[in-house]
Every structure is written in C-alpha cells, then in structure tokens.
Amino acid sequence: MPKFFKAPTGTQDLLPRYHDYFTFLKKVIRHRFRQSGYSRITPPVFEEVGAYERSLGVDSDLFTRELYAFEDRQGRKLALRPEMTTGIVRSFIEHEMYNGPLPAELYFIEPCFRFGRPTGGNMRQFWEFGAEVLGESDPSIDAQLIYLSHRILTDLQIRDKCELRINTMGSKEDRKQFFEAIANFYAGKERSLSETTQEKLKQKKYAEVLQPRNEDEEILRDMAPRITDFLSKSSKVFFDQVIDYTKSFDIDFVIDDKMTHKIKYHSNTIFEFRAKDSGQKILVGGRYDDLIEEMGGPKVGGVGFAAGINRLIDLMMRNGIAVPHKDYIQIFLAATGPVAKKKALPILVQLREHGFHAVGVLGKTSMQEQLKRAEEFNVPCTLLIGDLEVKKGEIIVRDMESRKQHWIPQQDVIKEMEKVLGKPQKLTHNVEKLDTTVDFLSY
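Residues numbered from 1 in each chain as written. Predicted model: local features only at pLDDT ≥ 70, side-chain atom pairs only at ≥ 80, totals over all residues. Heavy atoms only, no water.

**Remarks on the overall build of the chain**
Argument step 1. In terms of helices and strands, the chain carries 16 helices and 16 strands.
Argument step 2. Projected onto its principal axes, the C-alpha coordinates of the chain cover approximately 90 × 55 × 45 Å.
Argument step 3. Scored against the burial criterion, the 443 residues of the chain give a buried share of 47%.
Argument step 4. Sequence separation of at least 24 residues holds for 70% of the intrachain contacts in the chain that already meet a minimum separation of 6.
Argument step 5. Carbon and sulfur atoms make up 50% of the accessible area of the chain, which amounts to about 23300 Å² in all.
Argument step 6. Looking at the chain, you have 66 positive and 65 negative side-chain charges, and the mean spots of the two groups are 6 Å apart. (Helix = DSSP H or I, 4+ residues; strand = E, 2+ residues; numbered from the N terminus. Buried < 20%, exposed > 50% of the residue type's maximum accessible area, 1.4 Å probe, protein only. Contact = heavy atoms within 4.5 Å. Areas by Shrake-Rupley, 256 points an atom, 1.4 Å probe, with all protein chains shown as cover. Lys, Arg positive; Asp, Glu negative; His and termini not counted. Charge placed at Lys NZ, Arg CZ, Asp CG, Glu CD.)

Take a look at the structure:
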C-alpha cells in the first residue's frame, strides 16, 4: 500500500487560490453571455458511445485513443464527454429546439474528459466554457462569436497576450478536392515526415498531416496547397463575409490559410486564439453545417467555440494578473473553556447571519494560541471571550493591527462590528443583481 495517495495522472486539485480565478472567470463568462442573449445548457457528463461515433468519426484519434468509454451494468456502451458540441447538438435534436425560435444560442461551463497524454498543459479532466449557436448558417453569427470570444478574453486582461487566427475549412466538396491535392503533394515525400505523420498520411487524416511536428514538416506544410485554392464560389463568399464582418469590430486578427482543424465536423469558418508566449491554443471555434443533419436532426447550420478554463487561468497566472479574493475573513472569535464556548457559539452564528465573514471557536487551545491563529487568518478584528467575560456579560474587541483592545457589552457586538468594519452586504433573493459588472474593483 502507498504511504499516501495522489490525484490520478492527468488530473489536478483546484485549490482555494485557483478557485479565486475560477470564480472570477465564471462571473465574467456568465455576464457576457447573458448580456448577449445566451441561455445556459448542461447536458449529461456521459453520452452513448454511438453519438461520438457519429460526430467524431470512428477513425479519429479523439474517438479511438482519447475516449473514456465503458459499459454499465446493463451492457450499454457509454462514454465520458471529450467535448461539448456532440451532447448539445444531441439535446437540440432530442428536445426539438429547432421548432422554437432560431437560432438557439446556448452557453456552457462544464468539465470534460480525455484519455490523452497529459503533456503540454493537456489534462485528462479539464474544464471548458463556450457557446453553440444552432439553427442558422449566417456569416454574421460567426463574426459575432469571434467578437464575443475577443470580449471575454479582454475582460480577463489576456486578449493582448493572444493572437487571433481565422481560416475556413470550406464545404465537404471543397475538402474532398483539397485533400486529394494534399495526398498528391505528399506522395514521395514520406521520408521527410515523422513516423506519426506518415501514419496519419496512410490513414488519410490530411488535416492532421498539415499540423507539423518538426521543422521539415513545417517547411512542407508551407509549400503544400491551401484550402483557399479549392473553395467553391459560395464557400468563398461566405468566408469573405465573415472576414468583412469581423473587420467591422476593429479587432486584431490574421487570416491563416495554413490552419486546419482535425475535428471531423468542422466546415467553413474556423478560428483560434493562441497564446503568444507558447503558441498554445487557448480558445478554438468553428462552424459545423453538416453535423446536425448527420446526428439525425434537420438540415440546419451550427457554429460554436470552446476554451479551456485551466489554460486561461494558467495564462493569467503566468502574466501576473490578479483577481479579487472573496474568501476573506473579517472576524476571529476566540473562546476558552466550555462555558465561554457555549456563550461564544451563538454570537458566532449571529455574526454570520448578519452578513459578516467570521470564524472561530476552534479547538481546545489557549487564548494565546487562538490569537496566533487569528493572525494566520489575517483578520482585522478579533473578539475574545473567557470565563471572566461570560460572568460580566462583556466581550473583548481587539484591533489586530494596532493591538489595542476594549470591552463592550455582548449584546452590542453587531453594532460595534458595523462601526469597526462597516455594514455587511446581506444575501437576498436579488443576489443576481450583484452579477451586473465584470469590473475588478467592484467584484
């Protein structure tokens, strides 16, 4: 038996300081999506394996190598979700959202799971947020999603740390001609490719062949044909309109005609925000106009994006971006002995119910040890009750910075704390009113 256990490979504990970032991210994300008219959706953590067979393709790496698949006790084949689009499209079809107002604008903040190699920031359990717009094929929607992504990254103060790249994957017919040209181009050049890329070439996974793994492959990729050379008239018009609409927002981006996506269902618009310092993909989006029909729904279009929350937080931390810390403690209540504790516990509850952040009445330690613990909690104010204070009906108020203290009647503790700390903001049924700004200072 091991001396102690560790988190499983490819997973991580989200410790309290990490949650400060997580909480702030969720606040920013919810605010921007609600402001844009999106509604939140949460599909199940697992789906039928067949759903991923249909959407990802049985020969894709994501399906064959990274899917956490299992059988339940009744022999049903299920899989933990490796991405969100499949489950949301399945829900769109199952609940006949296409009969309601279109497009359906949905957003999510959910964990996903992939059995990949946990390197380069890739995790086996990771959190994603993103959006799906279902039921329309309109280039202005693609541009709006790109801008919404830009806006969220700006709110998080990391937009200037990322580069936005946009390209197109064309239609199914466009890709067929393009991939034939790629096969012809790489024929006879196999010796310049890594074993992995040679295998991708044999498997006809041409989009992945065009994602270089070394300098030689990068040179070949730069010489290879471009998807933009094979676009039909309608595909070119669609892409040109996406670019024109995006330019109208006056945001920085580059058209990267070498960029491809290996996800089978992507067509037409694709875009990525990549970290400038590492090239890591921070946010990835694309259109999928054939997927809904292939999943058994009507022939309507869809487009979406997803961003790894873990990667966003890591990028914020690398760049020294601080976020508000809400788990602060205002008051430490120290009590010694069973009589004092019995008196102190209702006061502690009273402080919390009134809205103060208070902790205390911990363990069987002496008053001196409890004062040391109060310093560790970094509280501005400590309240002390001993047997003598119980008899007198008093409580000691100690300013932790000046070390000065004074005695007050126990019944005046709320009034005194409001005087010292200010009136706390009470939680009400209108708590959502607090979620109306992403300003760091008012968070």
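**So, the pattern of salt bridges**
Argument step 1. A full pass over the atoms with the stated rule returns 26 salt bridges.
Argument step 2. Between arginine 151 and aspartate 155 there is a salt bridge whose closest N-O contact spans 3.1 Å. Here arginine 151 pairs with aspartate 155, and both are found in helix α5 (residues 139–155), just four residues apart, close to one helical turn.
Argument step 3. By relative accessible area, which is 25% here, arginine 151 ends up partly exposed.
Argument step 4. Through salt bridges with shared partners, a single ionic network connects Asp61, Arg65, Lys200, Lys205 and Glu208. (Salt bridge = Lys/Arg side-chain N within 4 Å of Asp/Glu carboxyl O.)

**So, the sheet that holds strand β2 (residues 46–48)**
Argument step 1. Pairing within the open sheet is antiparallel, and its three strands lie in the order β2-β4-β3. Strands with a single pairing partner mark the edges of an open sheet, and in this sheet they are β2 and β3 (69–71). Across the sheet, the mean angle separating the axes of adjacent strands is 35° when strand polarity is ignored.
Argument step 2. Direction of pairing for β2 relative to strand β4 (residues 77–80): antiparallel, over a ladder of three bridges. (Pairing = 2+ DSSP bridges. Axes fitted to C-alpha atoms, helices over the stretch in contact; angles between N-to-C directions.)

**Describing a nonpolar patch on the surface**
Argument step 1. On the surface, a nonpolar cluster with roughly 240 Å² of combined accessible area is contributed by Val45, Phe46 and Phe70.
Argument step 2. Residue placement: phenylalanine 46 occurs in strand β2.
Argument step 3. We classify phenylalanine 46 as partly exposed; its relative accessible area is 41%. (Patch = residues over 30% accessible without salt bridge, like charges linked within 9 Å, V, L, I, M, F, W, Y side chains within 5 Å.)

**As for the sheet that holds strand β13 (residues 358–360)**
Argument step 1. Taken in spatial order, the five strands make up an open sheet running β13-β12-β14-β15-β16, and their pairing is mixed. The two strands at the open ends of the sheet, each matched to only one other strand, are β13 and β16 (405–409). If you compare each strand with its neighbour and ignore which way they point, the axes differ by 25° on average.
Argument step 2. For strand β14 (residues 381–385) and strand β15 (residues 394–399), the ladder comprises four bridges, and the chain directions are antiparallel. What sits directly across from leucine 383, in β15, is valine 397.

**Regarding the confidence of the model for the chain**
Argument step 1. On average, residues of the chain carry a pLDDT of 91, and 94% of them reach 70 or more.
Argument step 2. This stretch, residues 427–443, has a pLDDT under 50; its non-local contacts, to residues over four places away or in other chains, come to 28 contacts. (pLDDT = per-residue confidence, 0-100.)

**Some thoughts on helix α9 (residues 215–223)**
Argument step 1. Considered for burial, the residues of α9 that qualify are Glu217, Leu220 and Arg221. Here the buried residues of α9 occupy an arc of 105° about the axis, which is enough to place them on one side. Those residues of α9 that are exposed and aimed more than 90 degrees away from the buried face are Glu215 and Met223.
Argument step 2. The inward-facing, buried residues of α9 abut α6 (172–186) and α7 (195–202). (Arc of directions from axis to C-beta.)

**Focus: the packing of α5 against helix α10 (residues 233–247)**
Argument step 1. Running from N to C, α5 and α10 cross one another at 40°; their axes reach a closest spacing of 8 Å. One finds that α5 runs oblique with respect to α10. Of the two elements, α5 crosses α10, and the hand of that crossing is right-handed. Judged by residue contacts, Pro139, Ser140, Asp142, Ala143 and Ile146 of α5 engage Phe238, Gln241, Val242, Tyr245 and Thr246 from α10.
Argument step 2. Each residue belonging to the contact of α5 with α10 can be placed in one class, and the counts come to six nonpolar, three polar and one charged. (Parallel < 35°, antiparallel > 145°, perpendicular 65-115°, else oblique. Left-handed = near helix turned anticlockwise from the far one by under 90°. Nonpolar A, V, L, I, M, F, W, Y, C, P; charged D, E, K, R; others polar.)

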